[in-house]
Amino acid sequence: MPFIKIYIHIVFSTRNKVPYFDTSELRIQVWKHIKENASGKGIFLDMVNGYSDHCHCLISLSSNQNIEKIVQLLKGESSYWINKNQLTKEKFAWQDEYFAVSVSESKIESVRNYIKNQESHHKKKSFTEEYQEFINKYNFK
């Protein structure tokens, strides 16, 4: 049995960055569902949180998983669940694109705190600003 610990910070937004998750109650409900769904699919989701128009996930890959498949499972199933339960006024969808960056063991706690504090973080900064920071910080061009 291999011993693998590869942490990935994944960020994805709602289609066209529409702020569908406009209450903390709805956000809690969606994040809880994503966490439970991930667990049921054998995805180690360490932390999930976000704001009205996006989601942050800290995952650890196992030997038989890849980022694309995990993101597809998380986004696809949660979109289906949100629409099935009519949690948004109009049809819900996630944006096709996403960010995924590796996280070193020494930075795990910092990333957890960053994800955990999304509510207060986005009182000061929009997701558009955060998005641009990710592009610059990780040299996505």
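Above: the structure in question.
Residues numbered from 1 in each chain as written. Predicted model: local features only at pLDDT ≥ 70, side-chain atom pairs only at ≥ 80, totals over all residues. Heavy atoms only, no water.

## Observations concerning the pairing of strand E3 (residues 54-61)
Most of E3 sits inside the fold, with 8 of its 8 residues counted as buried. A two-sided burial pattern is seen for E3, the buried positions comprising His 54, His 56, Leu 58 and Ser 60 on one face and Cys 55, Cys 57, Ile 59 and Leu 61 on the other. Where strand E1 (residues 6-13) meets E3, 8 bridges bridge the pair, whose relative direction is antiparallel. Bridge pairing in E3 links Val 11 to His 56. In this sheet, E3 lies alongside strand E2 (residues 44-51) in antiparallel orientation, the contact comprising 7 bridges. (Buried < 20%, exposed > 50% of the residue type's maximum accessible area, 1.4 Å probe, protein only. Helix = DSSP H or I, 4+ residues; strand = E, 2+ residues; numbered from the N terminus. Pairing = 2+ DSSP bridges.)

## Things to note about the nonpolar core
Phe 21, Ile 34, Cys 57 and Ile 59 are the most contacted members of the largest nonpolar core, which totals 24 residues. Mapped by element, the contributors of at least two residues to this core are E1, helix H1 (24-40), E2, E3 and helix H2 (67-84). When neighbours within four sequence positions are excluded, Ile 34 is seen to be in contact with Leu 45, Val 48, Cys 55, Leu 74, Ser 78 and Trp 94. Residues Met 47, Val 103, Ile 108 and Val 111 belong to the second largest nonpolar core, which totals 7 residues. (Core = buried A, V, L, I, M, F, W, Y, C linked by side-chain atoms within 4.5 Å. Contact = heavy atoms within 4.5 Å.)

## Comments concerning the state of the cysteines
Under the defined criterion, the tally for this structure stands at 0 disulfides. Looking at the unpaired Cys 55, the closest cysteine sulfur is the one in Cys 57, lying at 3.8 Å. Judged by relative accessible area, which is 0%, Cys 55 ranks as buried. The class for Cys 57 is buried, based on a relative accessible area of 0%. (Disulfide = S-S within 2.5 Å.)

## What about the packing of H1 against H2?
The contact between H1 and H2 brings their axes to 10 Å, and the two run at 130°. Relative to H2, the element H1 lies oblique. As for the relative orientation of H1 and H2, their crossing is right-handed in sense. Contacts between H1 and H2 involve Gln 29, Val 30, His 33, Ile 34, Asn 37 and Ala 38 from the first element and Leu 73, Leu 74, Glu 77, Ser 78, Trp 81 and Ile 82 from the second. (Axes fitted to C-alpha atoms, helices over the stretch in contact; angles between N-to-C directions. Parallel < 35°, antiparallel > 145°, perpendicular 65-115°, else oblique. Left-handed = near helix turned anticlockwise from the far one by under 90°.)

Remember that the coordinates give geometry; whether it matters functionally is a separate question.
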